[in-house]
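Spelled out from the first residue to the last, the chains are:
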Amino acid sequence: MCTHLLTDVEDRIVLLIDLDYFYAQCEEIRHPEFRGRPVAVCIYSGRTENSGAVSTANYEARRIGIRSGIPIIAARRMVTQDTVFLKADLDYYDAVSMRVMSLLRMFSQKMEQASVDEAYLELRGKSYEEAEEIARQIKELIRKSEGLTCSIGIGKNKLIAKMASGVNKPDGLTVVRPEEVDTFLLSKKPGDLYGVGKVTESKLSEMGIETIAQLRDAPLSRLQSVFGSSMGLWLYNASRGIDDSPVEERKREQYGRIVTLKENTRDRDTLIQEASRLVPEVISMVQEDRQQFRTLSFIGILEDLSIRTKNRTLNEPTDNAQDVYAVLPQLIDSFLSEHTALIRRIGIKVSNLSEKKGQKKLLDFS
Ligand code: DCP
Ligand code: MG
Ligand code: MG
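Since we're looking at a predicted model, the values are computed, not measured. (Residues numbered from 1 in each chain as written. Chains lettered and ligands numbered in written order. Predicted model: local features only at pLDDT ≥ 70, side-chain atom pairs only at ≥ 80, totals over all residues. Heavy atoms only, no water.)

Engineer: Explain the overall build of the protein to me, and be specific about the residues and the numbers.
Structural biologist: Assigned secondary structure in the protein consists of 13 helices and 12 strands. Seen along its three principal axes, the alpha-carbon backbone of the protein occupies a region of about 65 × 60 × 55 Å. Buried residues in the protein amount to 45% of all 366 residues. A separation threshold of at least 6 residues defines the contact pool for the protein, and within that pool the share at least 24 residues apart is 66%. Approximately 19,200 Å² of the protein is accessible, and the part contributed by carbon and sulfur atoms is 49%. Side chains of the protein carry 52 positive and 54 negative charges; the gap between the two charge centres is 2 Å. (Helix = DSSP H or I, 4+ residues; strand = E, 2+ residues; numbered from the N terminus. Buried < 20%, exposed > 50% of the residue type's maximum accessible area, 1.4 Å probe, protein only. Contact = heavy atoms within 4.5 Å. Areas by Shrake-Rupley, 256 points an atom, 1.4 Å probe, with all protein chains shown as cover. Lys, Arg positive; Asp, Glu negative; His and termini not counted. Charge placed at Lys NZ, Arg CZ, Asp CG, Glu CD.)

Next comes the structure, spelled out in structure tokens:
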């Protein structure tokens, strides 16, 4: 059983920058006429007029109960007359996100993009006053160049920075200095620890642990016997504000796309045609990142929403669409021979990535 206790890396300060109501704020920028009205950005599955889920909502919409993840049909029941429903335009949000991320990169060599709208930055050799000043500059720069507000949390590690960023949303800036960590954490519940989901929270509750103070009282061995050695240790440390996970750019392990079919089907030609339409986009992401892949997967989500996958690993790495088109029909054939249910959504995924070699950069020739 693992009994190693982590210690925080001294001398580092972590910032977590999270854009406020991101997709909806992007929409407010190109549609200023929607400002002040409830706005819900939705992903429509295309099955019926209102099937799908709300991606996010601005704060006016949240006040009337519309939130990320709820079905569009449920949101429609809550609306006021001036509520705006919009179809998500992921390409537009991605473009805004990429521009914001490149601004953030100017503030530190160590940055980790954690999602489309948030990133960790690590600062070294700076005081908390200096970190706060940098956070103000970041907010100002994002506001001036993109017109967006964000919320920033500052702390001694990623856990504290992330939790601090949620304190004063929107347009927040919250600093939790090392000496304030205890007071900060003890005012929270175990479920507020970023990384504790509903399942862990209810297991803790069954153990009689409802507060962070009670979590701290639980022996490491007990937490590890219930949650396993790594999650148990993580809980033990997190309740004490300890988190030594590094700020580092995550390496991508796969590229993929999924679509919902117009109707459930097992028709081979339809499946090949729909899957083929996903190929160019996946391939262009791979090529843009100068990657190659060896494994191709066909993903089918069946009527009962269970997910099934067929994989094929090629002899040589490739970044070529033709190689995908050549293998797809075989993957679909073996998928159809193994599963008898109708298919509701399909996707393709490439993985087993490696960097594309042999592409010399200009500098290499000098
Ligand atoms: N998102 C989504 N579906 C979810 C949650 C989020 O599509 N269930 C998308 C839309 C969000 C974006 O990811 O705009 C960023 O997620 P956040 O959790 O940061 O939420 P927001 O930025 O929308 O709101 P907040 O102001 O709380 O950060
Ligand atoms: Mg956000
Ligand atoms: Mg976010």
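Engineer: Any chance you could break down the packing of helix H4 (residues 90-104) against helix H5 (residues 128-146) for me, citing the residues and the numbers?
Structural biologist: When two helices pack together, their arrangement is given by the angle between the helix axes and by the axis-to-axis distance. Contact geometry for H4 and H5: axes closest at 11 Å, N-to-C directions at 145 degrees. In terms of crossing hand, the pair formed by H4 and H5 is right-handed. On H5, the residues that touch Val96, Arg99, Val100, Leu103 and Leu104 of H4 are Ile138, Leu141, Ile142, Ser145 and Glu146. Tallied by class, the residues present in the contact of H4 with H5 amount to 7 nonpolar, 1 polar and 2 charged. (Axes fitted to C-alpha atoms, helices over the stretch in contact; angles between N-to-C directions. Left-handed = near helix turned anticlockwise from the far one by under 90°. Nonpolar A, V, L, I, M, F, W, Y, C, P; charged D, E, K, R; others polar.)

Engineer: Describe the coordination of the magnesium ion (ligand 2), naming the residues involved and giving the relevant values.
Structural biologist: Within the protein, the atoms that donate to the magnesium ion (ligand 2) are Asp18 (OD), Leu19 (O) and Asp117 (OD), at distances of 2.0 to 2.2 Å. Coordination at the magnesium ion (ligand 2) is octahedral, judged from the 6 donor atoms that bind it and the angles of 78 to 172 degrees they form at the metal. In primary-sequence terms, the residues that donate to the magnesium ion (ligand 2) follow D-L-x97-D. A spacing of 3.5 Å is found between the magnesium ion (ligand 2) and the magnesium ion (ligand 3), which share Asp18 as a donor. Taken together, the residues span a long stretch of sequence, with Asp18 in strand E1 (residues 12-19) and Asp117 in the loop between strand E5 (111-115) and strand E6 (118-124) at a distance of 99 residues. (Donors = N, O, S within 2.8 Å, 3.2 Å for Na, K, Ca; no water. Tetrahedral: all angles 85-135°; square planar, octahedral: opposite > 155°, others 65-115°.)

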